Amino acid sequence: MFKSVFGSGFLVRTAHVVLTWVITLILFLHDPELRKQEETGRLVQPLLFVLLVLLSVLLYFAVSLMDPGFILSDDHDLQFTLGVTEEQQDMIPHTTKSLRQRRCGHCLLQPMRSKHCQTCQHCVRRYDHHCPWIENCVGERNHRWFVLYLAIQLLVLLWALHIAWTGFRYAPGWQLWLRSNGMLLTVGVLVALLSLIVLLLLGSHIYLVSLNTTTWEFMARHRISYLKHCGADENPFDRGTFNNLWCFFCVWGTVVWEQVYFRVGSDQV
């Protein structure tokens, strides 16, 4: 399920697309090496760069418009995807690791690791965070695509930074230099800042994925019912770095986290 392009977040998406292509145009207009390659018919690098920019834009729209894992009110399979029915919950002894099904004041029963997003007004499976730049939640269905988008975006930004750096032209005196390179310098500084932000985001998400935890769980574990009784270094969903990364990027489908939680927990039922 995808949201409408013209719905919530239209202005943010428009700003992203305009900024992306304006920066790309400035790089092509102000970098003599790119223009030289175009004029001499060596189009491999310019075309590859434009295709990478286009891919990053397409991934941005995919992540922005994709259903992140909304739990719909007409989800007839909810009692099965929860993994543990209310009858089974009644049979669970009240130990430090047992808990009753979580209920949302706005939606229905919440599967484990889901959270209600006040912006989207939906509960989201394996909720990570709500990203204002894509105007969408990052959750079970679009998280891997979000990480892939960050990786492609970082590659584009680093290449753009290289283009900007090699495009600076010599001029006698700093005033003449600023006059001839001012636009490219502005773009270079902006691209450098964006590169740093995306690098930090990508690094943090890969780190959290390797631990099989989410941004929300990492930041608020002391307030989360199924984690606040765990030790500081205890993660009931951690299956090892390799398995965590493999399951995140290569395994598709909904995971019943209640079964994982109670199977690996110290107080099994």
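Quantities reported herein were computed from a predicted structural model and do not represent experimental measurements.

This part takes up the environment of Phe70. Within the secondary structure, Phe70 sits in strand β1 (residues 70-71). Look at Phe70 and you get buried, because its relative accessible area is 10%. Sequence separation between Phe70 and Arg126 is 56 residues, and the spatial gap between their C-alpha atoms is 9.8 Å.

All right, on to the nonpolar core then. Leu27, Phe49, Ile134 and Phe146 are the most contacted members of the largest nonpolar core, which has 33 residues in total. Of all the secondary-structure elements, those providing two or more residues to this core are α1 (10-30), α3 (44-65), α6 (143-166) and α7 (174-211). Among the elements that make up this core, the one with the highest residue count is α6 (twelve residues). By size, the runner-up hydrophobic cluster in this structure holds 18 residues, among which are Met112, Trp216, Trp257 and Phe262.

Summed over the entire model, instances satisfying the criterion amount to two salt bridges. Residue Arg141 pairs with Asp67 through a salt bridge whose shortest N-O separation is 2.8 Å. Taken as a pair, Arg141 in the loop between β7 (136-138) and α6 and Asp67 in the loop between α3 and β1 lie far apart in primary sequence, 74 residues in all. Across the pair Arg113 and Glu217 runs a salt bridge whose closest N-O atoms are separated by 2.7 Å. Of the two residues, Arg113 is situated in the loop between β3 (109-110) and β4 (115-117) and Glu217 in helix α8 (residues 215-220); the sequence distance between them amounts to 104 residues. A single burial state applies to Arg113 and to Glu217, both of which are buried.

Another aspect to go through is the packing of α6 against α7. The axes of two packed helices give the description: the angle between them and the distance between them. Two elements in contact, α6 and α7, have axes whose closest approach is 8 Å; the angle formed by their N-to-C orientations is 150°. Of the possible angle classes, the one that applies to α6 and α7 is roughly antiparallel. As α6 packs across α7, the resulting crossing turns out to be left-handed. Each residue belonging to the contact of α6 with α7 can be placed in one class, and the counts come to 20 nonpolar, five polar and no charged.

Attention now goes to the sheet that holds strand β5 (residues 122-124). Ordered in space as β1-β5-β4, the three strands form an open sheet in which the pairing is antiparallel. One side of each edge strand has no neighbouring strand; the edge strands of this open sheet are β1 and β4. Pairing between β4 and β5: three bridges, direction antiparallel. Note that in β5 the partner of His116 across the bridge is Cys123.

This brings us to the packing of aromatic side chains. For the coordinates displayed, the defined rule picks out twelve aromatic pairs. An angle of 80° between the planes, with centres 5.7 Å apart, marks the rings of Tyr60 and Phe61 as edge-to-face. Overall, Phe61 belongs to the partly exposed group, its relative accessible area being 21%. Consider the rings of Tyr60 and Tyr149, whose centres lie 5.9 Å apart with planes at 55°: the pair is tilted. You can see Tyr60 sitting in helix α3 and its partner Tyr149 sitting in helix α6, a full 89 residues away along the chain. Both residues of the pair, Tyr60 and Tyr149, count as buried. An aromatic cluster is present here, built from Tyr226, Phe237, Trp257 and Tyr261 joined pairwise through their rings.

So, how was this worked out
Residue numbers here run from 1 along each chain, matching the order of that chain's written sequence. For this predicted model, a pLDDT threshold of at least 70 governs which residues receive local features, and a threshold of 80 or more governs which side-chain atom pairs are given and counted, while totals over whole chains, interfaces and linings are taken from all residues. Note: side-chain values were computed over all heavy atoms of the structure, leaving out hydrogens and water. Think of it this way: any DSSP run of H or I at least four residues long counts as a helix, any run of E at least two long counts as a strand, and we number them from the N terminus. Three labels apply to residues, based on accessible area from a 1.4 Å probe with only protein chains included: buried if under 20% of the type maximum, exposed if over 50%, partly exposed otherwise in between. Grouping buried Ala, Val, Leu, Ile, Met, Phe, Trp, Tyr and Cys residues that are joined through side-chain atoms within 4.5 Å yields what is termed a nonpolar core. Salt bridge, as applied in this entry: a Lys or Arg side-chain nitrogen positioned within 4 Å of an Asp or Glu carboxyl oxygen. What counts as an axis is a line fitted to C-alpha atoms, over the stretch in contact for a helix, and the angles between N-to-C directions run from 0 to 180 degrees. Note that the term roughly parallel is reserved for angles under 35 degrees, roughly antiparallel for angles over 145, roughly perpendicular for angles of 65 to 115, and oblique for everything else. Left-handed describes a crossing whose near helix is turned anticlockwise from the far helix by less than a right angle; the clockwise case is right-handed. The nonpolar class holds Ala, Val, Leu, Ile, Met, Phe, Trp, Tyr, Cys and Pro. Asp, Glu, Lys and Arg form the charged class, and all remaining residues, Gly among them, are polar. DSSP-based pairing: two strands are paired if at least 2 bridges between them are found. Pairs were defined over the aromatic rings of Phe, Tyr and Trp, the Trp ring being its six-membered one, requiring ring centres within 6.5 Å. Orientation was assigned from the angle between planes: stacked under 30 degrees, edge-to-face over 60, tilted for the rest.

That is the geometry; function is a separate question.
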